[in-house]
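# Residue-level structural notes
Each chain, letter by letter, is given below.
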Amino acid sequence: MEVAVLDITGKDTGRKVELSNDVFGIAPNDHAIYLDVKQFLANQRQGTHKSKEKSEVAGSTRKIKKQKGTGTARAGSIKSGVFRGGGRFFGPRPRSYSFKLNKNLKRLARKSALSIQANQHNLVVIEDFNFESPKTKNFVDILKALELDTKKSLFVLGDINENVYLSSRNLKSSKVINASELNTYGILNANKIVFTEGSLEGIHTNLNK
């Protein structure tokens, strides 16, 4: 699969890059995508939810009424969950929602997500670029040149580039990562994915181990 290489002004450089069919042209595995996205979202959860149980609420421990003869159910503590102000039955407790997936399945999920975006022509390849200093306006100019200023975009760089990252940080609709940070959720959550030329080799290497 060949894709034209653009410069940061959106013009065709006249060069093309070959995208491997092993990464960008496989038959998508929907279940692998589901599991990888589920794991990503589960890992975002703090799991700090907590409600007080019977042993944790404040209240007297005396028996509130006699055992028999009242015509109602027996009750031994005002802290029981059946009374107002009592503890909660089977309430939430702090826990981790994370779970493990094997590396091969995660690679399959990323390849599947990239193949879906490739089939929908949502991939863009541009020349490697850098900024002399962090400046949001410079990054916005690139988005406008690529007609991505009104779309949700994901920029994938070959290496960590602090100036480019800081220039994009204030923009909610655009995210900058390096090739090693590529994940299934991020791929599918973007309307357009912009790869720099230098990122493609790292992506092929990471996903074909």
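Residues numbered from 1 in each chain as written. Predicted model: local features only at pLDDT ≥ 70, side-chain atom pairs only at ≥ 80, totals over all residues. Heavy atoms only, no water.

## Quick look at helix α2 (residues 30-44)
Note the cut-off: Think of it this way: any DSSP run of H or I at least four residues long counts as a helix, any run of E at least two long counts as a strand, and we number them from the N terminus. A helix is expected to span 1.5 Å for every residue after the first. When a residue's accessible area, from a 1.4 Å probe over protein chains only, is under 20% of the maximum for its type it is buried; when over 50% it is exposed; and in between it is partly exposed. Whether two residues are in contact is decided by their heavy atoms, any of which lying within 4.5 Å being enough. Within 3.5 Å is the distance limit for a polar contact, defined as a pair of N or O atoms, with the added protein rule that one can donate a hydrogen and the other accept it, and that residues adjacent in sequence qualify only through two side-chain atoms.
Helix length check: α2 (15 residues) gives 21 Å between terminal C-alpha atoms against 21 Å at 1.5 Å per residue, within 8%. Among the residues of α2, those classed as buried are A32, I33, L35, D36, V37, Q39 and A42. Check the buried side of α2 and you find it contacts α3 (103-119) and α6 (184-189). Regarding α2, its N-cap is N29, as a side-chain oxygen of that residue lies 3.2 Å from the backbone nitrogen of H31 further along.

## A word on the packing of α3 against helix α7 (residues 197-207)
What counts, and what does not: To get an axis, a line is fitted to the C-alpha atoms, and for a helix only the part in contact is used. The angle between two axes follows their N-to-C directions and goes from 0 to 180 degrees. Orientation categories follow fixed angle ranges, with anything under 35 degrees roughly parallel, anything over 145 roughly antiparallel, 65 to 115 roughly perpendicular, and all other angles oblique. Only Asp, Glu, Lys and Arg are considered charged in this grouping, and only Ala, Val, Leu, Ile, Met, Phe, Trp, Tyr, Cys and Pro are considered nonpolar; every other residue, Gly among them, is considered polar.
The interhelical angle for the contact between α3 and α7, taken along N-to-C directions, is 135 degrees, at an axis separation of 10 Å. Taken together, the axis directions place α3 and α7 in an arrangement best described as oblique. Counted together, R107, R110, K111 and L114 of α3 and I203, N206 and L207 of α7 form the full contact between these two elements. In terms of residue class, the contact of α3 with α7 is made up of 3 nonpolar, 1 polar and 3 charged.

## A look at helix α4 (residues 136-145)
Let me state the cut-off plainly: This arc describes the spread of directions from the helix axis toward the C-beta atoms.
Residues F139, I142 and L143 constitute the buried set of α4. Down the axis of α4, the buried side of the element spans an arc of 100 degrees, and every buried residue falls inside it. Along α4, the residues that are exposed and aim more than 90 degrees away from the buried face are K137 and K144. Immediately downstream of α4, the backbone of E147 shows phi near 60 degrees, a positive value.

## Some words on the nonpolar core
Short version of the rule: Side-chain atoms within 4.5 Å are what join buried Ala, Val, Leu, Ile, Met, Phe, Trp, Tyr and Cys residues into a set we call a nonpolar core.
Judged by nonpolar contacts, the single largest core of 23 residues is most densely connected at F24, L114, V156, L182, I193, F195 and I203. With near-sequence residues (within four places) excluded, L114 lies in contact with V23, F24, L123, L182, I187, F195, I203 and L207. In terms of nonpolar packing, the next biggest core, distinct from the first, is built from 15 residues, F139, L148, V176 and V194 among them.

## Some details on the sheet that holds strand β3 (residues 123-126)
What counts, and what does not: Here, any two strands with at least 2 DSSP bridges between them count as paired.
Spatial ordering of the open sheet is given by β2-β1-β3-β6-β4-β5, a layout of 6 strands whose pairing is mixed. A strand with exactly one partner marks an edge of an open sheet, and here the two such strands are β2 (12-18) and β5 (174-178). Neighbour to neighbour, the strand axes of the sheet diverge by 30 degrees on average, direction disregarded. Relative to β5, strand β4 (residues 153-157) runs parallel, the two sharing 5 bridges. The residue bridging L154 from the neighbouring strand is K175, located in β5. Here α4 sits on the sheet and contacts β4 and β5; the angle it forms with β4, its principal contact strand, is near 110 degrees. Sitting on the sheet, α7 is in contact with β1 (2-6), β2, β3, β4 and β6 (192-196), with an inclination near 95 degrees to β6.

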